[in-house]
Amino acid sequence: MKVRQFDLELKVFQQQLIALGSLAEHMVHDSVMSLLERNETLAKQTIEKDIEADQLDYDIKGKCILYTALHHPKASDLRLIAMAAYISHDLERIADKAV
C-alpha cells in the first residue's frame, strides 16, 4: 500500500502538536517549582520557553491553513486539522499562563 506524502506530513504535524503539549506541561511544572523553591533562574528559563511555545503555535496554525488550502483533505483529515488548531490555541494559552 502506497503511503501518501500528505499522510507523512500529518504525522509530523501531530508530533508538533504533541511537542507543544509537552512544552506547556513542562512550563507549568517549572513555573510551580520556581515559586515553591523561589528559584529565579528557573522562572526566567520558563519565561524564555514561552517564545518557543508561541512559535510552535504559529507554525501549527500556519500548517492548518496550508493543508486545508493545498491538499483538500478528506473529512477525517480535515477534522484532525481543525481540532489541532483549537488544541494548539489552548496549549499556547496554558503556556502563557505558566509565565
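Nothing here was measured: the structure is a model prediction, and the numbers come from that model.

Conventions adopted
Residues numbered from 1 in each chain as written. Predicted model: local features only at pLDDT ≥ 70, side-chain atom pairs only at ≥ 80, totals over all residues. Heavy atoms only, no water. Helix = DSSP H or I, 4+ residues; strand = E, 2+ residues; numbered from the N terminus. Core = buried A, V, L, I, M, F, W, Y, C linked by side-chain atoms within 4.5 Å. Buried < 20%, exposed > 50% of the residue type's maximum accessible area, 1.4 Å probe, protein only. Contact = heavy atoms within 4.5 Å. Patch = residues over 30% accessible without salt bridge, like charges linked within 9 Å, V, L, I, M, F, W, Y side chains within 5 Å. Areas by Shrake-Rupley, 256 points an atom, 1.4 Å probe, with all protein chains shown as cover. Salt bridge = Lys/Arg side-chain N within 4 Å of Asp/Glu carboxyl O.

## As for unusual backbone geometry
Reasoning step 1: You will see that arginine 38, though not glycine, has its phi angle at about 50°, which is positive.
Reasoning step 2: For arginine 38, the position within the fold is in the loop between helix 1 (5–37) and helix 2 (40–71).
Reasoning step 3: The backbone of histidine 72 sits at a positive phi, close to 45°, despite the residue not being glycine.
Reasoning step 4: Position of histidine 72 relative to the elements: it lies in the loop between helix 2 and helix 3 (75–98).

## Details of the nonpolar core
Reasoning step 1: Judged by nonpolar contacts, the single largest core of 19 residues is most densely connected at Leu10 and Phe13.
Reasoning step 2: Elements represented by at least two residues in this core include exactly helix 1, helix 2 and helix 3.
Reasoning step 3: At eight residues, helix 1 tops the list of elements feeding residues into this core.
Reasoning step 4: Apart from residues lying up to four places away in sequence, leucine 10 is in contact with Tyr67, Asp77, Leu80 and Ile81.

## Observations regarding a nonpolar patch on the surface
Reasoning step 1: On the surface, Val28, Val32, Leu36 and Ile94 cluster together into a nonpolar patch covering about 340 Å² of accessible area.
Reasoning step 2: No other element matches helix 1, which puts three residues into the nonpolar patch.
Reasoning step 3: For isoleucine 94, the location among the structural elements is in helix 3.

## Considering the side chain of aspartate 57
Reasoning step 1: Inspection of the secondary structure assignment puts aspartate 57 in helix 2.
Reasoning step 2: Take aspartate 57: its relative accessible area is 8%, and that puts it in the buried class.
Reasoning step 3: Residue contacts for aspartate 57: discarding those within four places in its chain leaves Leu20, Ser88, His89 and Glu92.

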